[in-house]
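In case you want the letters, here they are:
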Amino acid sequence: MELTRERAQLGATSDRLAMVLAASPVVLYSRRLDAPDWPLTWVSDNLARLLGYEVAAALAPDWWPAHLDPQDRQPALGQVLAAIAQAPGTGQPCGATAGQPRRRRHTPPGPGRDRGLAQ
């Protein structure tokens with residue numbers, strides 16, 4: 001009985017989190033900081049709605065650095081290196097490093113608008 005109730009609560013919590021992420025203007029992700037090239041391990045489903053890329057594609061090796069705007073590439077990779085230096089082997093998402101969330105401006109795609117990611 002207790003296990004059934006806990007499973008129902010977990011399901012309700014998961015549903016609420018999914019709704020929050022679906023409505024969020026921020027793409028969340030996590031990566032393995034203890035692996036070569038820091039592969040993405042999870043990307044929120046709103047990636048497709050916000051940036052037009054499928055989650056499965058974003059989880060491919062080298063997808064993230066290949067799609068960074070050239071002007072953002074070195075600073076962004078530097079932030080990942082800093083995250084690794086501060087929390088080696090923890091696997092923590094780089095967006096949560098030292099209380100400094102990674103923020104990225106985004107302009108929705110459309111005529112004459114830059115996505116902020118290289119095409």
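Our subject is the structure that appears above.
Quick summary incoming for the structure in this document. (Residues numbered from 1 in each chain as written. Predicted model: local features only at pLDDT ≥ 70, side-chain atom pairs only at ≥ 80, totals over all residues. Heavy atoms only, no water.)

1. Overview of the overall build of the chain
So the rule is basically this: Runs of E in the DSSP output that reach at least two residues are strands. Runs of H or I that reach at least four are helices, and both are numbered from the N terminus. The cut-offs for exposure are 20% and 50% of the maximum accessible area for each residue type, with area from a 1.4 Å probe on protein chains only; residues under the lower value are buried, those over the upper are exposed, and the others partly exposed.
The helix and strand tally for the chain stands at 5 helices and 2 strands. In the chain, the succession of helices and strands from N to C terminus is α-β-β-α-α-α-α. Buried positions account for 29% of the 119 residues belonging to the chain.

2. As for the environment of Trp42
One can find Trp42 in strand S2 (residues 40-43). Distance from Trp42 to Leu28, taken between C-alpha atoms, is 8.2 Å for residues 14 residues apart in sequence.

3. Examining the side chain of Arg31
Convention followed: Here the positive residues are Lys and Arg and the negative ones are Asp and Glu; neither His nor the chain ends is included. Any carboxyl oxygen of Asp or Glu within 4 Å of a side-chain nitrogen of Lys or Arg constitutes a salt bridge here. Within 3.5 Å is the distance limit for a polar contact, defined as a pair of N or O atoms, with the added protein rule that one can donate a hydrogen and the other accept it, and that residues adjacent in sequence qualify only through two side-chain atoms.
Within the secondary structure, Arg31 sits in strand S1 (residues 29-31). For the buried Arg31, no salt bridge exists, and the shortest N-O distance to an oppositely charged side chain is 8.7 Å, to Asp62. For Arg31, the side chain forms a polar contact with the main-chain oxygen of Trp38, separated by 2.5 Å.

4. Brief notes about the side chain of Asp69
Its place among the elements puts Asp69 in the loop between helix H4 (63-67) and helix H5 (70-86). What makes Asp69 buried here is its relative accessible area of 17%. A polar contact is formed between the side chain of Asp69 and the backbone nitrogen of Gln71, at a distance of 2.9 Å.

These figures come from the coordinates and say nothing about function on their own.
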